[in-house]
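# Fold and geometry: a report
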Amino acid sequence: MATLSTEVLVIGGGATGAGVAWDAALRGFDVVLVDRADLAEGTSGRFHGLLHSGGRYAVKDPRAAEECIAENRALKTISPDSIEDIGGFFVTTPFDDPAYADVFAKGCRDTGVDCEEVDPAQALREEPLLNPAISRAFRVPDANIDVWKTVWAMARGIQQRGGRVLPYHEVVAVHRSGDQVTGARVRGAATGEEIDIEARVTVNASGAWAGAVADMAGIEGVRVLPGRGIMIAMNHRLVNTCVNRCQMPTDGDIIVPIRTVCVIGTTDVNTDDPDDHTVLQTEVDAMLDDGEKLVPGFRQARALRVWTGVRPLFEDSKAADTDSRDVTRAHALLDHAERDGVQGFVTITGGKLTTFRLMAEETMNAVSKHLGDERPCTTKTEPLPGSEEGATYRLGERLGRKEADLAGEQLICECEMVPRRKLEQAIERRATTNLDDIRRLLRLAMGPCQGGFCIYRATGILHGLDGLTAEQADESLLHFLRERWKGVWPILYGDQLRQARLDEWIFHGVLDVEHLPAAHAQAEAPAETVAR
Amino acid sequence: MRGELHYDAVVIGAGTAGLVAGVRLAEGGARVCVLSKGVGSTHLAPGTIDVLGYGPGRVSSPGAALEEFAAAHPEHPYALLGADAVAEAVRWFGECVAAGPLAGYRYVGGLEHNVLLPTAVGALRPSALVPETMAAGDASSALGHVCLVGTRALRDFHASLCASNLARAGVTARSVEVEIETDRADQNALGLSRQFDDPAWRAAFAARLALKLQADERVGLPAMLGIRDPHGVWSDLEHRLGRPVFEIPTLPPSVPGMRVYEILRSALRRAGGRLVLGAEVVSAERSGSRVVSVATRSAGHDARYAAPWFVLAAGGFGSGAIELDSRWATHERVFGLPLQGVPAVDQPRFVGDYLAEQPMARVGVAVDSQLRATGAENVLVAGAALPGAVPWREGSGEGIALASGSHAAQMVLAGAGAPAGAAA
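Residues numbered from 1 in each chain as written. Chains lettered and ligands numbered in written order. Predicted model: local features only at pLDDT ≥ 70, side-chain atom pairs only at ≥ 80, totals over all residues.

### Quick notes on the overall build of chain B
Helix and strand counts for chain B stand at 12 helices and 21 strands. For 424 residues, the compact-globule estimate of 2.2 N^0.38 gives 22 Å, and chain B sits close to it at 22 Å. Referenced to the eigenvectors of the C-alpha coordinate spread, the extents of chain B come out at roughly 70 × 45 × 40 Å. Residue pairs in contact within chain B that sit at least 24 positions apart in sequence constitute 70% of those at least 6 positions apart. (Helix = DSSP H or I, 4+ residues; strand = E, 2+ residues; numbered from the N terminus. Rg over C-alpha atoms; globule rule 2.2 N^0.38 Å. Contact = placed C-beta atoms within 7 Å.)

Here's what the structure looks like:
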């Protein structure tokens, strides 16, 4: 069996885990980051894309609001390449308690969230599709963030500093020697090969799965209640800024424009299983009704895709033994030396995407102590790879590049304007046969046609570049189509059903993918994906 | 609105079914007008005449399989139309192509035997009648050595993938790439087909390609061998390369599909029919169970078209003629006709398994055994608006379109003039 040895092993390649590994790498520690699937494929990649200003928590959870506004500013500094700084509004619709607006404004003042009340007429000039009956409007510094871009930028940074990033490596055992956690055994999904990773400190950053990983370490009572929420991407930016209803946070009260789409979210249903991705028809209907309240006519727009994410809501059965402050906080850092007398093991869970950097900093402060080598955190000032120039992403960047050179670069995905060279680089860099991995990396196939045109092209390019067998290429194509369908079929109506029918004509009527030899092999073998 | 225009029949929809109905009506002496929101499904389809490819196992002889298939699917258009009507319509189409505007271009094959044509991903797709430009790719009998030709200039065809899959299916296939210079990177097959129409450009291309070929290899190219003169382009390439050459349909816009459109449009014009594109039907005037006239809205002006007969060939969900709204209600959007095959309110509309049959797949306009719309006795339904079929999975789209379009025309011609007071 292969073995690796490192100072810090991080389990969980979401934003938090990648953030911990990035923080560790910046402090000069040797680090290995593992995930059972692709990076940011779980909760991190399954949210609406909102970089919170803190306004949402200004009344309900002032401490979270303070953290959000601080992290909002920090991330705009260190990761501008993945952030579009579009701003946001909190608006009082006829469906909201009008008294909340003043409570909200006070909450923002008290927590330091930048918030400026604007004339509703001005807000409607900036957001012409918004419900014209809004009575109050507040401008806040919300933004959107492409979390895959952020996480992969951190992964590159980790690798540049000698760290190792192993997606598709699932933890099958956490090693323990007496009261000391000494690392973990992981199994590569592509080959089934197992690797023993010896680590001085192991960080459990597996979010909604943190309880299961803690169990493997023989630590009891780490209870994470997965809260499932649905989000629906619509095919236009129906709003220009992040629009929130000015009320106590509830379902379906945010629309976040991100890249070429906008995303409405979300719901919150407790579930036992963090891998539960059920989408109920009633939830879709409720979400569309909520959309109508913010943007009348919302139901006439095309819904492209629905997905669910699970929030990790932490509940410590040993709460009495720990600082009570930690129980009420949005995120929870568990030093198992203090909590359970187990050395070399730290759990970080809960929290929100916006505060991942802070969570990582606190985690690595604790890890540094374990290592007996307290080095300062620099993630607040060190730009991520790709963000060195400091310019935030601007919608139209890709179009601008394309228009400047029509003869130059072939577009493979026209919806998201993914050029061929970018796709080829991504395939080579990731050494992946999984088109869904490429989708997250480049936003390939995330637009209105949901891969109707680009997935055949991408399969052909993948086959040619990677020297795949036809079986592997066919399986990549079919795997993509099956995965795509999961997010498409619950929201098929209106013009998106037209689109789906066109896609069916392409894949069945023109290409006849159903009768490729690989169509009979239904095994969902994970594709080989090792970052290099 | 201008004055009402009067016809013997008004056809709604300019896909294969609507155009065939229009042509055959005009050929039968009716004054016919085809109204359409835009060009139809021809531009998306491979341009082959698929009658029955899968039932659900691969069908080798659609003519022989049709009756059994119809018996097993009593609500399928084929069960209502009958095998003879399908055969007649397919035969007519072949003649229509031969008499058409694309000199020398013809279709080969028939209902006796499905050919197996390589798709752009390298699957083998069954088809009854195919353009001559594709026929040499038929893998239903020994194909010998095949060389697939790709070019980086066309992102919509990947020769290497196609060849690798063909090899898995037992075809001795390899691929080569040929440079094509273009002035814009995002070239599609239509753009390249115009270059193939240019004899000098084509000669230079053939010379470059010839250097890469081995003896006894037949040559497969993406379907882009000319839009103006496909027969000339294809036979010239066969001559220059000294071997069989065949086209492989790929992503839309479909060059062979656009040829079908051109052939039918030209036939309609020659027979004295009228085609109005950009004319979406927005309302219909009814008198009891009859439709009296339809109104269109177009850029220039609104117009009203009155006729004793209407042929509804506007398509299904794919064209938007049938809609499922966000409250999960279905509508036929031209006449508001009742639909057939819609799952009950408490039943799933779609299911999570991508390759399973979707419950909504067979929805169409409810018809009687003569393909008259339920609740509108002078509306005949044709093509993808019909219920009971999953044409993109069955490989039956053109067979249904041809036979139902022809059937609608025959129904009108047989009863033409009967309704009183409707003629101008």
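That shown, we press on.
### Comments concerning the sheet that holds strand β8 (residues 145-150) of chain B
All names here are of chain B. Pairing is parallel in the open sheet, where 4 strands are placed in the order β9-β8-β10-β11. The sheet is open, and its two edges are formed by β9 (172-177) and β11 (245-248), each paired on a single side. Between one strand axis and the next, the sheet turns through 30° on average, direction left out of account. Bridging between β8 and β9 involves 6 bridges; their strand directions are parallel. Bridged to H145 within β9 is T172. Running over the sheet, helix α6 (residues 159-168) touches β8, β9 and β11 and is turned about 175° from β9. (Pairing = 2+ DSSP bridges. Axes fitted to C-alpha atoms, helices over the stretch in contact; angles between N-to-C directions.)

### Comments concerning the domain arrangement of chain A
Residues and elements named next belong to chain A. One can read the domain layout of chain A as domain 1 (2-43 + 148-223 + 313-371), domain 2 (53-65 + 76-144 + 225-311) and domain 3 (397-520). Using only C-alpha atoms to locate each centre, domain 2 and domain 3 end up separated by 30 Å. With 13 residues of domain 2 at the interface, the matching set in domain 3 holds 13 residues. Where the side of domain 2 that touches domain 3 is concerned, the elements lending two or more residues are α7 (281-294) and β18 (303-316). The dominant element in the side of domain 2 that touches domain 3, judged by the number of residues it contributes, is β18, at 5 residues. (Domains from an automatic or database assignment.)

### Description of the nonpolar core
Judged by nonpolar contacts, the single largest core of 309 residues is most densely connected at B:V311 and B:L312. Residue contacts for B:L312: discarding those within four places in its chain leaves B:I12, B:V334, B:F335, B:V365, B:A373, B:V379, B:V381 and B:A385. (Core = buried A, V, L, I, M, F, W, Y, C linked by C-beta atoms within 7 Å. Buried ≥ 20, exposed ≤ 12 C-beta atoms within 10 Å, placed from the backbone.)

### Focus on helix α2 (residues 62-78) of chain A
All names here are of chain A. With 17 residues, α2 ought to run about 24 Å at 1.5 Å a step, and its terminal C-alpha atoms sit 24 Å apart, in line with that. Residues of α2 that are buried: A64, A65, E67, C68, I69, E71, N72, L75 and I78. On its buried face, α2 sits against β3 (50-51), β4 (83-84), α3 (100-111), β8 (143-145) and α10 (356-371). (Expected span 1.5 Å × (residues − 1).)

### Considerations on the environment of B:R228
Position of B:R228 among the secondary structure elements: in the loop between β10 (217-222) and α9 (230-241). C-alpha of B:R228 to C-alpha of B:H407: the two residues are 179 residues apart in sequence and 31 Å apart in space.

### Considering the sheet that holds strand β13 (residues 280-287) of chain B
All names here are of chain B. The strand order across the open sheet formed by 4 strands is β1-β15-β14-β13, and the pairing between neighbours is mixed. Every interior strand has two partners, whereas the edge strands, β1 (4-6) and β13, have only one. Each adjacent strand pair in this sheet contributes to an overall mean axis angle of 30°, direction not counted. Relative to strand β15 (residues 302-306), β1 is paired through 3 bridges, and the arrangement is parallel. Pairing of E4 across the sheet is with R304, part of β15.

### Things to note about the domain arrangement of chain B
Residues and elements named next belong to chain B. Parsing chain B into structural domains produces domain 1 (4-95 + 259-415) and domain 2 (115-257). Placing a centre on the C-alpha atoms of domain 1 and another on those of domain 2 gives a separation of 31 Å. The interface of domain 1 with domain 2 comprises 20 residues on the first partner and 19 residues on the second. When residues of the side of domain 1 that touches domain 2 are traced back to their parent elements, those giving at least two are α4 (83-98) and α10 (255-270). Here the side of domain 1 that touches domain 2 gets 3 residues from one element, more than from any other, and that element is α10. A breakdown of the residues in the side of domain 1 that touches domain 2 according to their chemical character gives 10 nonpolar, 7 polar and 3 charged. (Nonpolar A, V, L, I, M, F, W, Y, C, P; charged D, E, K, R; others polar.)

### Considering the confidence of the model for chain B
Residues of chain B with pLDDT of at least 70 account for 97%, and the chain-wide mean is 95. ipTM for the predicted complex: 0.96, alongside a pTM of 0.94. (pLDDT = per-residue confidence, 0-100.)

### Topic: unusual backbone geometry
In terms of backbone geometry, most residues other than glycine have negative phi values and most peptide bonds are trans. In this structure, the amide linkage connecting A:G265 to the following residue, A:T266, adopts the cis form with an omega of -10°. The topology assignment puts A:T266 in the loop between β16 (261-265) and β17 (269-270). The omega torsion of the bond from B:G55 to B:P56 falls at -5°, within 30 degrees of zero and hence cis. Of note, the phi angle at A:D512 is positive, near 55°, even though the residue is not glycine.

### Observations concerning the environment of A:E471
Residues and elements named next belong to chain A. For E471, the position within the fold is in helix α15 (residues 470-488). Residue E471 is classed as partly exposed on the basis of its C-beta count, with 15 C-beta atoms lying within 10 Å. It is 30 Å that separates the C-alpha atoms of E471 and A155, two residues lying 316 residues apart in sequence.

### With respect to the pairing of strand β14 (residues 290-297) of chain B
Residues and elements named next belong to chain B. Here β13 pairs with β14 via 7 bridges, running antiparallel. By the bridge assignment for β14, E280 is matched with R297. Taking the residues between adjacent antiparallel strands as the criterion, β13 and β14 are bridged by 2 residues, where G288 takes a positive phi near 60°. Bridging between β14 and β15 involves 5 bridges; their strand directions are antiparallel. Its bridge partner lying in β15, R297 is registered against D302.

### Notes on the interface of chain A and chain B
Facing the 44 residues of chain A at the interface are 39 residues of chain B. Secondary-structure elements contributing two or more residues to the side of chain A that touches chain B are β21 (411-413), α14 (454-466), α15 and α16 (494-510) of chain A. Looking at the side of chain A that touches chain B element by element, the count peaks at 11 residues for α16(A). A breakdown of the residues in the side of chain A that touches chain B according to their chemical character gives 23 nonpolar, 10 polar and 11 charged.

### Observations regarding helix α5 (residues 147-160) of chain A
Note that an α-helix has 3.6 residues per turn; residues three or four places apart therefore point the same way. Residue and element names in this part refer to chain A. The terminal C-alpha atoms of α5, which comprises 14 residues, lie 20 Å apart, in line with the 20 Å expected from a rise of 1.5 Å per residue. Of all the residues in α5, the buried ones are V147, W148, K149, T150, V151, W152, A153, M154, A155, G157 and I158. Each element contacted by the buried residues of α5 is listed here: α1 (15-26), β2 (31-34), β8, β9 (164-166) and α13 (435-442). Immediately beyond the C-terminal end of α5, within one or two residues, lies G162, with a positive phi of roughly 90°.

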